[in-house]
Amino acid sequence: MPIEPNDHNLPLGSRLYPILVGSFNAQAKLVKERLTGKKSIFYTPAELLRPSDKGLIEEYERIVPVITGIWDKSGKRLYRAVGLDPERWRVNSEYLKAAIRASTLNFAESTQATFHEDFNGHYELLKHAIRAEIELGRLGAGETTEQLTKRLMKYFQDNNRFRARRIAQTEAVRAHHLAMQWSAKDSSVVAGWQWVETSASCPICHAIAKDANNPTGRRTVKLGQIFAVRGTNPDYKNIRFPPAHPFCRCTLKAILEPSYTHDPKPIDWSFLPA
Ligand SMILES: [Zn+2]
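Definitions and limits used
- Residues numbered from 1 in each chain as written.
- Predicted model: local features only at pLDDT ≥ 70, side-chain atom pairs only at ≥ 80, totals over all residues.
- Helix = DSSP H or I, 4+ residues; strand = E, 2+ residues; numbered from the N terminus.
- Expected span 1.5 Å × (residues − 1).
- Bend = angle between axes of the 7 residues up to and from the residue.
- Axes fitted to C-alpha atoms, helices over the stretch in contact; angles between N-to-C directions.
- Parallel < 35°, antiparallel > 145°, perpendicular 65-115°, else oblique.
- Nonpolar A, V, L, I, M, F, W, Y, C, P; charged D, E, K, R; others polar.
- Buried ≥ 20, exposed ≤ 12 C-beta atoms within 10 Å, placed from the backbone.
- Pairing = 2+ DSSP bridges.

**Looking at helix α5 (residues 144-187)**
Along an α-helix, residues three or four apart share an orientation, since each turn contains 3.6 residues.
Item 1. Taking 1.5 Å as the rise per residue, α5 with 44 residues should run 64 Å; its terminal C-alpha atoms sit 61 Å apart, in good agreement.
Item 2. The largest bend in α5 is about 35°, located at Asn-159.
Item 3. Ser-188 sits one or two positions beyond α5 and adopts a positive phi of about 65°.

**Notes on the packing of helix α1 (residues 17-35) against α5**
Item 1. One can describe the packing of α1 onto α5 by two numbers: an axis separation of 8 Å at closest approach and a directional angle of 170°. Overall, the two elements α1 and α5 adopt an arrangement that is roughly antiparallel.
Item 2. Looking at the contact of α1 with α5, its residues break down into 14 nonpolar, four polar and four charged.

**Considerations on helix α4 (residues 94-135)**
Item 1. Spanning 42 residues, α4 covers 61 Å between terminal C-alpha atoms, matching the ideal 62 Å at 1.5 Å per step.
Item 2. Buried within α4 we find Leu-96, Ile-100, Ser-103, Thr-104, Phe-107, Ala-108, Thr-111, Gln-112, Phe-115, Phe-119 and Tyr-123.
Item 3. One or two residues past the end of α4 sits Gly-137, with phi positive at roughly 75°.

**Focus: the sheet that holds strand β2 (residues 220-222)**
Item 1. Across the sheet, three strands lie side by side as β2-β1-β5; this open sheet has antiparallel pairing. The sheet is open, and its two borders are formed by β2 and β5 (251-256), each paired with just one other strand. Strand-to-strand, the axes of this sheet are offset by a mean angle of 30°, without reference to chain direction.
Item 2. In the sheet, strand β1 (residues 190-196) pairs with β2 via three bridges, with the strands oriented antiparallel. In the sheet register, Gln-194 faces β2, and the bridge partner there is Thr-220.

**Here we look at the pairing of β1**
Item 1. Relative to β5, β1 is paired through six bridges, and the arrangement is antiparallel. Counted as the bridge partner of Gly-192 is Ile-255 from β5.

**Describing unusual backbone geometry**
Item 1. Going from Pro-242 to Pro-243, the amide bond is cis rather than trans, its omega being 10°.
Item 2. Assignment of secondary structure puts Pro-243 in the loop between β4 (238-239) and β5.
Item 3. Even without a glycine there, the phi angle at Asn-9 is positive, about 55°.
Item 4. The residue Asn-9 is located in the segment before α1 in this model.
Item 5. Positioned with a positive phi, Phe-247 is a non-glycine residue whose angle comes to about 70°.
Item 6. By the element assignment, Phe-247 lies in the loop between β4 and β5.
Item 7. Classification of Phe-247 by C-beta neighbours within 10 Å gives partly exposed; the count is 16.

Structure (structure tokens):
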């Protein structure tokens with residue numbers, strides 16, 4: 001996926017990055033500890049790294065304040081954009097706090113789940129490769145754990161930082177737009193959204209943003225409706241707002257209620273089939 005330019009001045013997750021990279025590196029360390037001194041490579045990945053390993057809860061508690069900060073700024077920004085007093089947006093209300101915590105838990109859990117999934121896949125590949133090398137006589141049986149540990153650590157070293165950067169940026173963009181959805185609902189003046197691409201958006205976002213059936217040529221949806229369906233992840237497949245993919249930096253433009261704008265023309269809505 002392309003890294004889109006930050007034309008719309010979106011939050012890029014610079015405060016999420018160190019938390020995520022720290023969590024991934026801690027898990028890599030755990031794998032190393034569990035492999036050290038072992039003679040066999042025939043562990044299941046789950047024996048080396050378990051979903052219940054420390055990290056998730058700690059990570060979650062550290063992420064909540066960062067996400068709250070994004071919600072605070074982004075909700076105010078929407079209020080300002082539609083001509084309301086930004087101070088009316090309060091992230092410390094109980095129902096917004098609950099929404100922030102729920103979305104953050106989702107984020108922390110799915111981050112951990114994909115990390116584990118990738119680790120499992122890579123571990124199995126390495127085991128296969130090492131077995132084949134033993135059979136070909138290229139690797140002595142005594143070298144196996146050492147080789148496996150070395151290769152796993154290289155994998156983590158090569159991937160953890162990029163993975164953390166990708167997730168931090170993508171999740172910051174998601175939090176920004178989720179906050180916008182909530183503040184739009186709260187404002188009572190937003191009727192819907194238009195998808196706004198960047199100056200260099202990918203074909204996915206381009207397809208979402210364009211709508212030949214709409215006189216404006218731009219796709220618009222009513223508040224709460226979806227723009228597109230992508231993939232199978234129940235948390236992420238219904239695309240109501242950017243990101244549509246990792247590193248997506250598109251945004252939404254609010255369409256205001258005709259009664260609020262004193263525009264008697266009805267809004268021309270069009271939808272992607274769900
Ligand atoms: Zn995009």
